[in-house]
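Chains, contacts and geometry: an overview
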Amino acid sequence: MLQQIFDERFARAGVPLYLWRLDQLPGVLAGNKYYKLSSNLDHAVAAGRLRVASFGGAWSNHLHALARAGQARGLKTLGLVRADASTALTPMLEDARRWGMEFIFLSRSDYRRRHDPGFLDSLSGDWPDTFWVPEGGSNALGVTGCVSLGREIARALPDRDLIVALACGTGGTLAGVAAGLGAKAQVQVCGYPMVKGGFYQSAVEEHLRSAGLCADNWAIVEDVAMGGYGTCSP
C-alpha cells in the first residue's frame, strides 16, 4: 500500500515522497470510500433498512461508490444529485444507475438544504426504511472508519518527521486520519481544500466532536484550493 515515489525536486531537497495506494484495495470499494462507507452499510443492514441514500454532485465519487457497494450488499440506493434532470447523465451517474441507484435531482438552492433537519424529515417521509448518509460519507461512522486508515498509515510510515497530505472534500477523512495518526507525534496532517470557502476548519472540528475524537496534529492549507477535484493551475 505504501509506495515510494521518485521526484527529482524532492530528491534534490533530500525529502522522501510516499504515496498511499488506496486504489489497490481489493473488493468493490476502494479509496477512502472503503473506510467511510463500510461501517455505514454495516449499520444500515443491522438496522434492517432496505435502502441507503446520500447526496452528491453529477461527478460524485461518493455516490458512485455507494451505488456499487449497495448493489454488492443487496441494498437499494438513492442518490440526491445536484444537477438538472434534463441534462445527460455523466459516466459516474450512468454507472450508478446501472448498479441500481435511483436519483432525485436537486437545484443548487435545494441542495444547500441537505443539512436542514426539516428538509431531511420530509425526504424521510417520502422514502421510508432508508438509512441516510451525509454528503461524502462524513458522519460519525465514516469518520471513525477513517481512524483505521490513519492507524494503518502510522504503522507503515518510517519513524521520522513527515507530513501526510490529503485532499479535503467534506473533511471527514482528514478528521479520522488525524485521530488515527495521533500517537505518531512527529507526523503532521495537512488537508488541501477542493473548493474555497473557509469552512473546513470548523467542519473538521465538528467531525471530531461528533465521533468523540480528539486530534491537534492537523491543519488546513487554505490558499491552494483549485476549484474542485481533478483540477489544477498550470
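In what follows, the structure referred to is the one given above.
Residues numbered from 1 in each chain as written. Predicted model: local features only at pLDDT ≥ 70, side-chain atom pairs only at ≥ 80, totals over all residues. Heavy atoms only, no water.

**Remarks on the overall build of the protein chain**
Under the convention used in this document: Each helix is a run of H or I in the DSSP string that is no shorter than four residues. Each strand is a run of E no shorter than two, and both are numbered from the N terminus. We compute the radius of gyration over the C-alpha atoms and compare it with the globule rule, which gives 2.2 Å times the number of residues raised to the power 0.38. Only protein chains enter the area calculation, which uses a 1.4 Å probe; residues under 20% of their type maximum are buried, those over 50% are exposed, and those in between are partly exposed. Residue contacts follow a heavy-atom distance rule, with two residues in contact if any of their heavy atoms lie within 4.5 Å. Areas reported as accessible are Shrake-Rupley estimates using a 1.4 Å probe. Residue values count occlusion only from the protein chains shown. Think of it this way: Lys and Arg go in the positive column, Asp and Glu in the negative one, and His and the chain ends go nowhere. Charged groups are reduced to one reference atom each: NZ for lysine, CZ for arginine, CG for aspartic acid, CD for glutamic acid.
Scanning the protein chain from terminus to terminus reveals nine helices and nine strands. For 234 residues, the compact-globule estimate of 2.2 N^0.38 gives 17 Å, and the protein chain sits close to it at 18 Å. In terms of overall dimensions, the protein chain has C-alpha extents of about 55 × 40 × 35 Å along its principal axes. When burial is assessed residue by residue, the protein chain has 44% of its 234 residues classed as buried. Expressed as a percentage of contacts within the protein chain between residues at least 6 apart in sequence, the contacts between residues at least 24 apart total 73%. On the protein chain, roughly 12300 Å² of surface is accessible, and the fraction owed to carbon and sulfur atoms is 53%. Of note, the protein chain has its 23 positive side-chain charges centred 3 Å away from the centre of its 22 negative side-chain charges.

**Quick look at the sheet that holds strand β5 (residues 102-106)**
Inclusion rule: Here, a strand pair is defined by DSSP locating no fewer than two bridges between the strands. Comment: axis = line fitted to C-alpha atoms, over the contacting stretch for helices; angle = value between 0 and 180 degrees taken between N-to-C directions.
Read from one edge of the open sheet, four strands run β5-β4-β3-β6, paired in parallel fashion. The outermost strands of the open sheet, each flanked by one partner alone, are β5 and β6 (130-132). Going across the sheet, the axis of each strand differs from the next one's by a mean of 25°, ignoring polarity. As judged from the three bridges shared by strand β3 (residues 51-57) and β6, these two strands associate in the parallel manner. Note on β6: the bridge partner recorded for V52 is F131.

**A look at the pattern of salt bridges**
Note the cut-off: Salt bridges are defined by distance alone: a side-chain nitrogen of Lys or Arg within 4 Å of a carboxyl oxygen of Asp or Glu.
For the structure shown, the criterion picks out ten salt bridges. R98 is the partner of D95 in a salt bridge, and the nearest nitrogen-oxygen pair spans 2.8 Å. Of this pair, D95 and R98 both sit in helix α4 (residues 91-98), separated by three residues, roughly a single helical turn. Take R98: its relative accessible area is 56%, and that puts it in the exposed class.

**Topic: unusual backbone geometry**
The phi angle at D129 is positive, at roughly 60°, despite the residue not being glycine. Within the fold, D129 resides in the loop between α6 (117-126) and β6.

**Re the side chain of H207**
Here H207 shows up in helix α9 (residues 200-210). Once you skip the residues sitting within four places of it in the chain, H207 turns out to touch S138, V143, T170, G171, G172 and A175.

Purely spatial values, then, with no claim about function.
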